[in-house]
Amino acid sequence: MSFINRIKDLFTKGGVKLGMVKSLNLITDDDRVAIDQSEYDRIQLAKKYYRDDLPLVHYRNSYGNRRHRKMSTLNVTKLASKRLASIIFNEQCELSLEDAKLNKLLADIIDANHFNLQFEQHLETGIALGGLAARPYVDDQDNIRIAWANATQFYPLRTNTDNISECVFASRSTRVENKQNVYYTLLEFHQWDGPDTYIITNELYRSTENDVVGDQVSLDRIYPGMQKSIQFNGVIKKPLFAYFRTPGANNRDLDSPLGMGIVDNSKNIIDAINRTHDEFVHEIRMGKRRIAVPAEMLRPGNKFGSTANDDEIHPLMFDPDMDVYEQFYGDADNMSVTDLTSDIRTSSYKEAVDYFLREFEEQTGFSAGTFSFDGQSVKTATEVVSENSTTYQTRSSYLTQVELFLNQLVTAILEVASTPEFFSDNKARCQFDADKELNLSVHFDDGVFVDKDKQKSDELALVAAGIMPKKQYLIRNFGLSDEEASQWVQESLQEQPEYSTNAQEETHSPDDEDVGAE
């Protein structure tokens, strides 16, 4: 840390004591934030479950001493979130706009940001924690990028339960100053001042404690050149961010606009699954084969018996790598080799875990058998489709929220692209009116919910009936491009045999008579 920064820190500390410098313990302490801290305590707990950062298991051993071990979990929070994210949105999904120029611009931005891959990954955390946010920005090369924020980094300001029009993004960085960790928190406020004025405000806070936001300091500390405030008058019409929340009501805080994650209403079942699985793994570890033998059998180097010959030494009785034998003391003449291994309750634990997994499936909206095992044989695609109805309904609920999020994000991207002030050359990249209908089309890949074989046979019947064009059939069922499908159709026509129009006449003699004629 430079000498000037040390002087600034001294003045900052003095200013805090006098009330001249703003200081925050928590972000929710800011008067502009309209959410209670209990909502973020809930999200932090869900984050620990998602990260599999759970408390140690404490127990007493056979001697009564307190011991602890790391819990062996299944981490169904991560498993369920990943499964849902993959069937909701994946790399096969497509976004398109009716306007050709805007569609080309959007496609370039999506490709440059690897949006499909990034969104599926961030959607996974959003499902686990109850929400996620994203905002477009312009980098130093005048490229439009997308910044992501998980539920712990997004704080609504002015909201209702259906819409968030103002917010603050929180990002944290750590630096070492004077051999001490220092934590900087950048708060980016998005606010409206009336219907036509949009203001972005940046504030930086510094703290030497990990769980405290700290005292406000100058942005130049770690963000030289960053503006404290940017105001747009009559230019921005919609918020420059998008928020995704999980479907369903927030039953913890009915007035909160934040969504509920996987853990919030399934914590007890998740704990039961983890506890049962941990006990099963521990029982397997403790249930390894053990055989009791007299201690004399495991004492190489001792004299053998009571012979007077000091050169006669007790030979090794077992392989040096053998670890199943344990020595016990007692009367060697009356002791025998005894198997102490106890049976592992595999069936009981398996049934218990399957029972809790079925409850977890019910609570999280998955079809029965998604995570549990019913003992049946491998199912056909048609059976999977019919038995996944619950999962399909859950997916449909999520798709509604995903489409809303994508509409908000694309609108924000086009707002940024059409605003010259964001670019170094002061030139807009497109013309866009946010008040008009966006007309965004989102094509979701149905994945496992579509029986591909049945789709092919059904659509082949439509082709035979002359209802569906052959070209569309090839594109939909074989993944061909428009040109490739056209080429297939042309080649198939060329390979068809040619029939002579006079073939039927040449098979009859001119002298043949119609025997039915009178």
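This one's a predicted model, so the numbers in the text were calculated from it and none came from an experiment. Numbering of residues begins from 1 in every chain and follows the order in which that chain's sequence is written. Whole-chain, interface and lining totals are the exception, using all residues; otherwise, since this is a predicted model, local features are given only for residues with pLDDT of at least 70 and side-chain atom pairs are given and counted only at 80 or more. Excluding hydrogens and water, the side-chain values take into account all heavy atoms of the structure.

Undergrad: I'm lost on the sheet that holds strand β16 (residues 338–339) in this one. Help?
TA: A strand pair is defined by DSSP finding two or more bridges across the two strands. Working definition: helices are DSSP H or I runs of at least four residues, strands are E runs of at least two. Numbering for both runs from the N terminus. With mixed pairing, the 3 strands of this open sheet are ordered in space as β15-β14-β16. Sheet topology places β15 (325–328) and β16 at the edges, where each strand pairs with a single neighbour. Pairing of strand β14 (residues 291–294) with β16 involves 2 bridges; the strand directions are antiparallel. When the bridges of β16 are listed, isoleucine 291 appears paired with aspartate 339.

Undergrad: I'm lost on the layout of surface pockets in this one. Help?
TA: Here the idea is plain: a probe the size of a water molecule rolls over the atoms and shows the empty space left. Approximately 880 Å³ is the volume attributed to the largest pocket. Detection works on a 1 Å grid of protein atoms alone, calling trapped sets that fit a 1.4 Å probe cavities and calling open sets with protein on both sides within 12 Å along at least five of seven lines pockets, with lining residues defined by an atom within 4 Å of a point. Lining of the largest pocket is provided by 31 residues; of these, Arg135, Tyr137, Val138, Glu188 and Met226 occupy positions nearest its centre. Counting only elements with at least two residues in the lining of the largest pocket, the list comes to β5 (131–138), β6 (144–150), β8 (167–177), β9 (180–192), β10 (197–207) and β12 (229–233). Residue contributions to the lining of the largest pocket peak at 4 residues, all from β5. Amino acids outside the nonpolar list (Ala, Val, Leu, Ile, Met, Phe, Trp, Tyr, Cys, Pro) and the charged list (Asp, Glu, Lys, Arg) are all regarded as polar, and Gly is one of them. Classifying every residue of the lining of the largest pocket by side-chain character gives 18 nonpolar, 7 polar and 6 charged. Grid points are joined across faces, edges and corners, and a volume is the space filled by probe spheres set on the points.

Undergrad: What am I meant to see in the sheet that holds β5 here?
TA: Backbone hydrogen bonds hold the strands of a sheet together, and the pairing may be parallel or antiparallel. What the 3 strands build is an open sheet, ordered β6-β5-β13; its pairing is antiparallel. Each edge of the open sheet carries a strand with a single partner, namely β6 and β13 (242–245). For this sheet, the mean inter-axis angle between neighbouring strands, taken without regard to orientation, is 20 degrees. Of the strand pairs in this sheet, β5 and β6 are connected by 7 bridges, and their pairing is antiparallel. Note that in β6 the partner of alanine 133 across the bridge is alanine 149. Across the sheet, helix α5 (residues 115–129) touches β5, β6 and β13, and the angle it forms with β6 is around 20 degrees. In this analysis, two residues are considered to be in contact whenever any of their non-hydrogen atoms come within 4.5 Å of each other. A fitted line through C-alpha atoms serves as each axis, taken over the contacting stretch for helices, and the angle formed by two N-to-C directions is quoted from 0 to 180°. Along the sheet, helix α9 (residues 389–417) contacts β5, β6 and β13; its crossing angle with β13, the most-contacted strand, is approximately 170 degrees.

Undergrad: Mind showing me how you'd approach empty space enclosed by the protein here?
TA: Taken as a whole and assessed by the stated rule, the structure comprises 2 cavities of 30 Å³ or more. Reported here for the largest cavity is a volume of approximately 40 Å³. Residue lining of the largest cavity: Ile43, Leu129, Gly130, Gly131, Ala151, Phe154, Tyr243, Leu258 and Gly259, and that is the complete set. Its boundaries defined by the atoms lining it, the second largest cavity holds a volume of some 30 Å³. In terms of lining residues, the second largest cavity is bounded by Tyr49, Asp52, Leu54, Thr73, Asn75, Val76, Thr77, Ile270 and Asn274. Listing elements by their share of the lining of the second largest cavity, those giving two or more residues are α3 (76–88) and α6 (267–286).

Undergrad: Honestly, the nonpolar core in this entry has me stumped. Any pointers?
TA: Generally speaking, nonpolar side chains in soluble globular proteins are found buried as a group. Buried Ala, Val, Leu, Ile, Met, Phe, Trp, Tyr and Cys residues that are joined via side-chain atoms within 4.5 Å together make up what is termed a nonpolar core. Burial here depends on accessible area, computed with a 1.4 Å probe over protein chains only, as a share of the maximum for the residue type. Under 20% is buried, over 50% is exposed, and the range in between is partly exposed. By size, the foremost hydrophobic cluster in this structure holds 90 residues, and its most contacted members are Ile88, Phe115, Leu123, Phe405 and Leu406. No other element matches α9, which puts 11 residues into this core. For phenylalanine 405, the residues in contact, after removing those within four places along its chain, are Phe119, Leu132, Ala134, Trp148, Ala242, Tyr243 and Phe244.

Undergrad: I would appreciate a short explanation of the pairing of strand β3 (residues 66–69) in the present structure.
TA: Regular strands have side chains that alternate between both faces of the sheet. The pairing of strand β2 (residues 57–60) with β3 spans 4 bridges and is classified as antiparallel. Residue pairing for β3: histidine 58 is matched across the bridge by histidine 68. Here β2 hands over to β3 after 5 residues, with glycine 64 in that stretch at a positive phi of 85 degrees.

Undergrad: Explanation requested: the pattern of salt bridges in the structure shown.
TA: One side chain can pair with another of opposite charge once the charged atoms of both are near each other. Each salt bridge in this description consists of a side-chain nitrogen of Lys or Arg and a carboxyl oxygen of Asp or Glu lying within 4 Å of one another. Taken as a whole and assessed by the stated rule, the structure comprises 20 salt bridges. One salt bridge connects arginine 32 with glutamate 203, and the closest N-O pair in it is separated by 3.1 Å. In this pair, arginine 32 is assigned in the loop between β1 (23–24) and α2 (37–50) and glutamate 203 in strand β10, connecting sequence segments 171 residues apart. Residue arginine 429 pairs with aspartate 142 through a salt bridge whose shortest N-O separation is 3.7 Å. Of this pair, arginine 429 sits in the loop between α9 and β17 (440–443) while aspartate 142 sits in the loop between β5 and β6, and the two are 287 residues apart along the sequence. You can call arginine 429 partly exposed: its relative accessible area is 33%. Given a relative accessible area of 17%, aspartate 142 falls into the buried group. A single network of salt bridges, built from pairs that share partners, joins Lys22, Asp30, Arg32 and Glu203.

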